Amino acid sequence: MNIIDLYEDLRKYIVNETQYDDLFYNAPEGEAQIDIVKEMLEEIINKI
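Keep in mind that this is a model prediction, so the values were computed, not measured.

J.: Hey, could you run me through the overall build of the protein chain in this one?
T.: Per the secondary structure count, the protein chain includes three helices and zero strands. Its helices and strands taken in sequence order, the protein chain reads α-α-α from the N to the C terminus. Taking the principal axes of the C-alpha coordinates as reference, the protein chain spans close to 30 × 20 × 15 Å. For the protein chain, restricting intrachain contacts to residue pairs at least 6 apart in sequence, the fraction spanning at least 24 positions comes to 48%. By element, 52% of the accessible surface of the protein chain is carried by carbon and sulfur atoms, the whole surface being about 3,600 Å². The average position of the 4 basic charges and that of the 12 acidic charges among the side chains of the protein chain differ by 6 Å.

Written out as structure tokens, the structure is:
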């Protein structure tokens, strides 16, 4: 699974699913995108 597929799968579990779109798609590939995915995961974890 690549980072883009993971991001798109995680969007389903975020209340405002488009809030990260601009950040993610405009970020340079690599660490910046990974940081956004980590932030999304933390948001999901906090809801559990």
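J.: Please explain the nonpolar core as it appears in this structure.
T.: The nonpolar side chains of a soluble globular protein tend to be buried with one another. Residues Y7, L10, I14, Y20, F24, A27, I36, V37, M40 and I44 constitute the largest nonpolar core, which totals ten residues. Within the residue set of this core, elements represented by two or more residues are α1 (3-10) and α3 (31-47). With four residues, the top contributor of residues to this core is α3. Contact partners of I44, with chain neighbours within four places excluded, come to L10, Y13 and I14.

J.: Would you explain the side chain of Q33 in this entry?
T.: Following the sequence through the fold, Q33 ends up in helix α3. On the basis of relative accessibility, which here comes to 5%, the residue Q33 falls in the buried class.

J.: Mind showing me how you'd approach the packing of aromatic side chains here?
T.: Given two aromatic rings, one states the distance between the centres and the angle between the planes to describe the pair. Tallying each qualifying case throughout the model produces three aromatic pairs. A ring pair is formed by Y7 and F24, whose centres lie 4.0 Å apart and whose planes are at 5°; its orientation type is stacked. Separated by 17 residues along the polypeptide, Y7 in helix α1 and F24 in helix α2 (residues 21-26) bring together distant segments of the chain. A single burial state applies to Y7 and to F24, both of which are buried. Here Y7 and Y25 contribute two aromatic rings whose centre-to-centre distance is 5.6 Å and whose plane-to-plane angle is 85°, an arrangement assigned as edge-to-face.

Criteria and thresholds
- Residues numbered from 1 in each chain as written.
- Predicted model: local features only at pLDDT ≥ 70, side-chain atom pairs only at ≥ 80, totals over all residues.
- Heavy atoms only, no water.
- Helix = DSSP H or I, 4+ residues; strand = E, 2+ residues; numbered from the N terminus.
- Contact = heavy atoms within 4.5 Å.
- Areas by Shrake-Rupley, 256 points an atom, 1.4 Å probe, with all protein chains shown as cover.
- Lys, Arg positive; Asp, Glu negative; His and termini not counted.
- Charge placed at Lys NZ, Arg CZ, Asp CG, Glu CD.
- Core = buried A, V, L, I, M, F, W, Y, C linked by side-chain atoms within 4.5 Å.
- Buried < 20%, exposed > 50% of the residue type's maximum accessible area, 1.4 Å probe, protein only.
- Phe/Tyr/Trp six-rings, centres within 6.5 Å; stacked < 30°, edge-to-face > 60°.

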